[in-house]
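# Fold and geometry: a report
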Amino acid sequence: MEKTGKFKSSTLLVFILTTGVFGIINTEMGVIGILPLIAETFHVTVPEAGWTVSVFALVVALSAPVMPLLFSGINRKKVMLLALGIFLLSNIISMITSNFTVLLLARALPAFMHPVYVSMAFTVAAASVSKEKAPKAVAKVFIGVSAGMVLGVPVTSFIASEVSFTVGMAFFAFINALVLIATLFFVPSMPVKEKLSYGEQLHVLKRKITWYSIAAVTLINGALFGFFSYLSDYLKTVTEVPYRIISILLLIYGLANIIGNIIAGKQLSANPLRSMLAAPWVLIVLYLCIFIWGGGLVIMTVIIFLLGVLAGYSQNTMQYMITDAAPEAPDFANGLYLLSANLGTTVGAAVCGVFITFFDTRYSVVGSLLFLAVSMVFVLLRIRIVFQKVCHRIGLPVETPKEKALERD
């Protein structure tokens, strides 16, 4: 992989990657706002239409650790073109088909390439600049993730409802086609010069720091999306605001995500360990505030904005946490990040849902607090390993509790 100096423009490259990630996340999430229209168009129920979301997410979760590993040794430009080409083809099929089964297959096919493109986008962005600036470059790509979730749903919903489902799908295809052309003409060839074997990449799973990072990311993301999954219901039943206001608050949350991405890029470059420690602690404080003052609209508006900032900040921090634990296998590490994040989302939503079932919507935040409390254990264990490595590098003695006990004996 070539470094920045050999790229014609790292800024242009990162912009193309950010737009590409936006198009891919938009394809995944955009249909959420048009499920009733899908049901009407294909003569199915709304829950059946929901499979257009579920099948995509399921395939992403299953393929996240495998697909980036399989494609890790291939020229990255070729892999990104393949992924974008599959997304474009699938969106075209979704535009023209009248068969719901074909639509589901067209949704499942690109989902296999989702973790490949996204993980490579993070890897390429980080490699296009110096090591010190890598977190900032990755943070810019995360803006594409946030924008895909924030803008993808309302924009697709507006286009599809005002014109037709076909035109809504054409919007997905248009974004992917633009990025495909930009990648073809403006992204340089990126052969992998130091190809690691699958065994060498899988070797990172033997490290404690990798598993501590995976556990921390799963729990923190579970806390974030466990509560976020029920945020609309919380605002409706606890804060007691109408749907029009809920939509505005969700938009505020999404835009705040982008601000969090920008802040995280700067903070991770300056002090990554502080960022790892700070994110879960501040989230705990915000969730406690939600539990105590969740009935007030004004204070909830402020909290939701801050929570959105912390969500964007935490996503960057979590990605760094895993990739920094396995720097020699960046594509596989990013795949592990996507796996952990999706697993956390699934488990977090389930656990917070249990609290709603046995108590009420207000207690959904308790599930997130439990996740964060446990995550702190793994964050501290991970930081302890880094501290030991630094001490060893500079020649300071680091005694383990077992070694101290032996000395006393």
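Look up a bit, the structure's there.
Starting from 1, residues in each chain are numbered consecutively following that chain's sequence as written. Predicted model: local features are reported for residues with pLDDT of at least 70 only, side-chain atom pairs are reported and counted for 80 or more only, and whole-chain, interface and lining totals are derived from all residues. In computing side-chain values, all of the structure's heavy atoms are included and hydrogens and water are not.

### A closer look at the environment of G344
In this text, helices come from DSSP runs of H or I with a minimum length of four residues, and strands from runs of E with a minimum of two, each type numbered from the N-terminal end. In this structure, G344 sits in helix α18 (residues 330-358). The buried label goes to any residue with under 20% of its type's maximum accessible area, the exposed label to any with over 50%, and the partly exposed label to all in between, with areas taken from a 1.4 Å probe on protein chains only. For G344, a relative accessible area of 0% corresponds to the buried category. Taking C-alpha positions, G344 is 16 Å from L283, a pair spaced 61 residues apart along the chain. In what follows, residue pairs with any heavy atoms lying within 4.5 Å of each other are defined as contacts. Excluding its chain neighbours within four sequence positions, the residues that come into contact with G344 are T218, N221 and G222.

### Thoughts on helix α7 (residues 100-111)
Helix span, as expected, comes to 1.5 Å for every residue beyond the first. A rise of 1.5 Å per residue sets the reference length of α7, with its twelve residues, at 16 Å; its end C-alpha atoms lie 17 Å apart and thus fit the reference within 8%. Within α7 the residues assigned to the buried category are F100, L103, A106, R107, A108, P110 and A111. Counting of polar contacts relies on pairs of N or O atoms within 3.5 Å, with two restrictions inside protein: one atom must be capable of donating a hydrogen and the other of accepting it, and residues adjacent in sequence are counted only when both atoms are side-chain atoms. At the N-terminal end of α7, a side-chain oxygen is found 2.8 Å from the backbone nitrogen of T101, two or three residues along, and the residue is N99.

### Some details on the side chain of N26
By the secondary structure assignment, N26 is in helix α1 (residues 10-29). On the basis of relative accessible area, N26 is assigned to the buried category, the value being 0%. When near neighbours in sequence (up to four residues on either side) are disregarded, N26 contacts G148, G152, T156, F171 and F172.

### Let's talk about unusual backbone geometry
Within the chain, H43 stands out as a residue other than glycine whose phi angle is a positive 60°. The topology assignment puts H43 in the loop between α2 (35-42) and α3 (46-49). In this structure, E240 takes a positive phi of about 60° despite not being glycine. Mapped onto the elements of the fold, E240 is located in the loop between α14 (231-237) and α15 (243-270).

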